[in-house]
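Inside the fold
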Amino acid sequence: MLSRGAASGWALRGAARAGVQQRPPPFRGLHASPRTRSVMPSWVIDRYGHNDVLRFTRNMVFPIIHFPNEVIIKVHAASLNPIDLRMRSGYGATALNMKRDPLKLKSEDTEFPLTLGRDVSGVVMECGLGVSYFKPGDEVWAAIPPWKQGTLSEFVVASGNEVSFKPKCLSHTEAASLPYVGLTAWSAVNQVGGLNQSNCRGKRVLILGASGGVGTFAVQLVKAWGAHVTAVCSHDASTLMKKLGADDVIDYKSGNLEEQLKTLPLFDFILDNVGGSTEKWALDLLKKWSGATYVTLVTPFLINMDRLGVADGMLQTGVTVGSKTVKHLLKGVHYRWAFFMASGPSLDEIAELVDSGKVCL
């Protein structure tokens, strides 16, 4: 198997494709050429609002490969996440539109019609000239970044480095429930929080909001790496938390949560999926001057840009995160923000955990 690091697709990301025509491989009688397939079924929105803005169309423009490292995936299953519901209402539109067209080169100054949906499990239909890690017919899964057209369509285009082979033990329907929440948790715990299989054993980890999609994955992830896990959730989810491996389960409705947690030994790492008032006291639960880290997934970044515009929003965000980082660093703990990050290599590792039975749905 050719490794991602050796795959020529990664090295050719910036290569030009102009003037080169690749014969599309046969796949279930379908062809990617715009001459033979120009439209497809899709759920789209033409403006921001509530559920009434959703529209089903059979005439969405068929995706095409623009860069040599891209692939077209036939969607077998897709799923919705809270981010999709918020995007339907316009959340993050300012920042996402800037990412979609940073140089304002597009002739039409609109993101519509916009297809929502981040998760996909399906089969590769066509590969760009620089992709050698995948081939047509491969079963794959991915989480598509929110500035790209989403997965509630018959086909979707993705960068090869956003795609991974689907876990063998999961159906497409099962697999489509995991990439976005899995990668969000992975980003917070591993890429931002610095935890991994080699340094996590024995660490005390607190997960606030443990019964949501990100929380349930994070509980299993750090437990698989050998951590002692304390999960905060409602009483209804306590049985699930124990089943997923949590060592201690705290019902936030049974009393003052802060006081309940203060009775426990201090923590090495806190993942906050809740935000709000929890941030005011949660960092006091960390071990001081030991490298302990608090990571929150509830940040004002996109809201600031929607409310203040790109320049002022980025400035306000920088001031906020900078001041909080310094404030808590002086107290002996690390304060960080985390976001979803699309990553095929991370999905490779998640797929191994799923196939080995260390992470379940």
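Structure shown above.
Below or above, wherever it landed, is the structure these notes cover. For clarity, every value in this text was computed on a predicted model and none was experimentally measured.

Reading the values: rules and limits
Residue numbers restart at each chain and count upward from 1, following the sequence in its written direction. pLDDT decides what is reported in this predicted model: residues at 70 or higher carry local features, side-chain atom pairs at 80 or more are listed and counted, and totals for whole chains, interfaces and linings draw on all residues regardless. Water and hydrogen atoms play no part in the side-chain values, which are based on all heavy atoms of the structure. A run of DSSP states H or I qualifies as a helix once it reaches four residues; a run of E qualifies as a strand once it reaches two. Both are numbered from the N-terminal end. The contact definition used throughout considers only heavy atoms, calling two residues in contact when any of these lie within 4.5 Å. Surface exposure here means Shrake-Rupley accessible area, sampled with a 1.4 Å probe, where a residue is shielded only by the protein chains that are shown. In plain words, nonpolar cores are sets of buried Ala, Val, Leu, Ile, Met, Phe, Trp, Tyr and Cys residues tied together by side-chain atoms within 4.5 Å. Each residue is assigned to one of three classes by its accessible area relative to the maximum for its type, calculated with a 1.4 Å probe on protein chains only: buried under 20%, partly exposed between the two thresholds, exposed over 50%. Domain boundaries shown here were taken from an automatic or database domain assignment. Think of a 1 Å grid over the protein atoms and nothing else: a 1.4 Å probe that fits but is trapped marks a cavity, an open set flanked by protein within 12 Å on at least five of seven lines marks a pocket, and residues with an atom within 4 Å of a point count as lining. Grid points are joined across faces, edges and corners, and a volume is the space filled by probe spheres set on the points. Amino acids outside the nonpolar list (Ala, Val, Leu, Ile, Met, Phe, Trp, Tyr, Cys, Pro) and the charged list (Asp, Glu, Lys, Arg) are all regarded as polar, and Gly is one of them. What goes into a patch is any residue over 30% in relative accessible area without a salt bridge, connected to like charges within 9 Å or, for nonpolar side chains (Val, Leu, Ile, Met, Phe, Trp, Tyr), within 5 Å. A carboxyl oxygen of Asp or Glu within 4 Å of a side-chain nitrogen of Lys or Arg is what we treat as a salt bridge. What counts as an axis is a line fitted to C-alpha atoms, over the stretch in contact for a helix, and the angles between N-to-C directions run from 0 to 180 degrees. Each angle gets one of four labels, with under 35 degrees taken as roughly parallel, over 145 as roughly antiparallel, 65 to 115 as roughly perpendicular, and the rest as oblique. Here a Phe, Tyr or Trp ring, Trp counted by its six-membered ring, pairs with any other such ring whose centre lies within 6.5 Å, and the pair is stacked when the planes are under 30 degrees apart, edge-to-face when over 60, and tilted otherwise. Note on criteria: charge over ring means Lys NZ or Arg CZ within 6 Å of the ring centre, with the direction from the centre no more than 35 degrees off the ring normal. Polar contact is the term for a pair of N or O atoms within 3.5 Å; when the atoms are in protein, one must be able to donate a hydrogen and the other to accept it, and sequence-neighboring residues count only if both atoms are side-chain atoms. Should DSSP find at least two bridges between two strands, the strands are taken to pair.

**A word on the overall build of the protein**
- Helix and strand counts for the protein come out as 12 helices and 13 strands.
- A separation of at least 24 residues holds for 72% of the contacts in the protein among residues at least 6 apart in sequence.
- Split by element, the accessible area of the protein, about 17,100 Å² in all, is 56% carbon and sulfur.

**Observations concerning the nonpolar core**
- Grouped together as the largest cluster of nonpolar side chains are 55 residues, with contacts concentrated most on Ile207, Val219, Val222 and Ile350.
- When residues of this core are assigned to their parent elements, the largest contribution, 8 residues, is made by helix α5 (residues 179-192).
- Each of domain 1 (39-178) and domain 2 (193-337) gives at least three residues to this core.
- The residues touching isoleucine 350, leaving out its near neighbours within four places in the chain, are Trp141, Leu178, Gly182, Leu183, Trp186 and Phe217.
- Core analysis: the next-biggest nonpolar cluster, separate from the first, contains 18 residues, Leu206, Leu208, Ile270 and Leu286 among them.

**Details of the layout of surface pockets**
- The computed volume of the largest pocket comes to approximately 1,300 Å³.
- Forming the boundary of the largest pocket are 38 residues, of which His66, Lys106, Trp147, Lys148 and Gln149 lie nearest the centre.
- Counting only elements with at least two residues in the lining of the largest pocket, the list comes to β2 (54-61), α3 (93-100) and β6 (155-159).
- Here the element with the most residues in the lining of the largest pocket is β6; it accounts for 4 residues.
- When the residues that make up the lining of the largest pocket are grouped by side-chain class, the tally is 15 nonpolar, 11 polar and 12 charged.
- In this structure, the second largest pocket encloses a volume near 1,100 Å³.
- Around the second largest pocket sit 37 residues that line it, and Ile83, Tyr91, Tyr180, Phe339 and Phe340 are the ones nearest its centre.
- At the level of secondary structure, the elements contributing two or more residues to the lining of the second largest pocket comprise α2 (82-88), α3, α5, α6 (213-224) and α10 (301-308).

**Comments concerning unusual backbone geometry**
- The omega torsion across phenylalanine 112 and proline 113 is -5 degrees, close enough to zero to call that bond cis.
- Mapped onto the elements, proline 113 comes out in the loop between α3 and β4 (119-127).
- One non-glycine residue, tryptophan 289, lies in positive phi territory at about 55 degrees.
- Relative to the helices and strands, tryptophan 289 is located in the loop between α9 (278-282) and β12 (293-296).
- We classify tryptophan 289 as exposed; its relative accessible area is 66%.

**Points about a nonpolar patch on the surface**
- Taken together, Trp43, Leu54 and Phe56 make up a surface patch of nonpolar side chains, about 290 Å² in accessible area.
- Secondary-structure assignment places phenylalanine 56 in strand β2.

**Focus: the environment of lysine 358**
- In this structure, lysine 358 sits in the segment after α12 (344-355).
- Judged by relative accessible area, lysine 358 falls into the partly exposed class, the value being 45%.
- Sequence separation between lysine 358 and tryptophan 225 is 133 residues, and the spatial gap between their C-alpha atoms is 9.5 Å.
- Excluding residues that lie within four positions of it along the chain, lysine 358 makes contacts with Gln220, Ala224 and Leu353.

**Brief notes about the packing of α5 against α12**
- For the pair α5 and α12, the least separation of the axes is 10 Å and the interaxial angle reads 105 degrees. Considering the angle they form, α5 stands roughly perpendicular to α12. Between α5 and α12, the contacting residues are Pro179, Gly182, Leu183, Trp186 and Gln191 on the first element and Ser346, Leu347, Glu349, Ile350 and Leu353 on the second.
- When its residues are assigned to classes, the contact of α5 with α12 shows 6 nonpolar, 3 polar and 1 charged.

**Concerning the packing of aromatic side chains**
- This structure, assessed with the given rule, holds 10 aromatic pairs.
- Between the aromatic rings of phenylalanine 134 and phenylalanine 165, the centroid separation amounts to 4.9 Å while the plane-to-plane angle is 55 degrees, which identifies the pairing as tilted. Within this pair, whereas phenylalanine 134 is found in the loop between β4 and β5 (139-143), its partner phenylalanine 165 is found in strand β7 (residues 163-165), the two being separated by 31 residues in sequence.
- Judged by relative accessible area, phenylalanine 165 falls into the partly exposed class, the value being 23%.
- Grouping aromatic residues by their ring pairs yields a cluster made of Tyr133, Phe134 and Phe165.
- Positioned over the ring face of tyrosine 91 is arginine 86, at 3.8 Å from the centre of the ring.
- Cation over ring: lysine 99 sits above tryptophan 147, and NZ or CZ is 4.9 Å from the ring centre.

**Structural notes on the side chain of aspartate 268**
- With respect to the helices and strands, aspartate 268 occurs in the loop between α8 (257-262) and β11 (269-272).
- Among the polar contacts made by the side chain of aspartate 268, one reaches the main-chain amide nitrogen of arginine 204 at a distance of 2.7 Å.
- Of note is the side chain of aspartate 268, whose polar atom sits 3.2 Å from the side chain of lysine 287.
- Filtering out sequence-adjacent residues up to four positions away, aspartate 268 remains in contact with Lys203, Arg204, Leu286, Lys287, Ala292 and Thr293.

**Details of the sheet that holds strand β9 (residues 228-233)**
- Judged by pairing direction, the sheet is parallel, and its 6 strands sit side by side in the order β10-β9-β8-β11-β12-β13 without closing on themselves. Across the chains shown, the open sheet's two edge strands, defined by having one partner strand only, are β10 (248-251) and β13 (334-337). Going across the sheet, the axis of each strand differs from the next one's by a mean of 15 degrees, ignoring polarity.
- Pairing of strand β8 (residues 204-208) with β11, which is carried by 4 bridges, proceeds in the parallel orientation. Bridging across to β11, valine 205 finds its partner in phenylalanine 269.
- Strands in contact with α6 are β8, β9 and β11; relative to β8, the strand with the most contacts, it is inclined by about 175 degrees.

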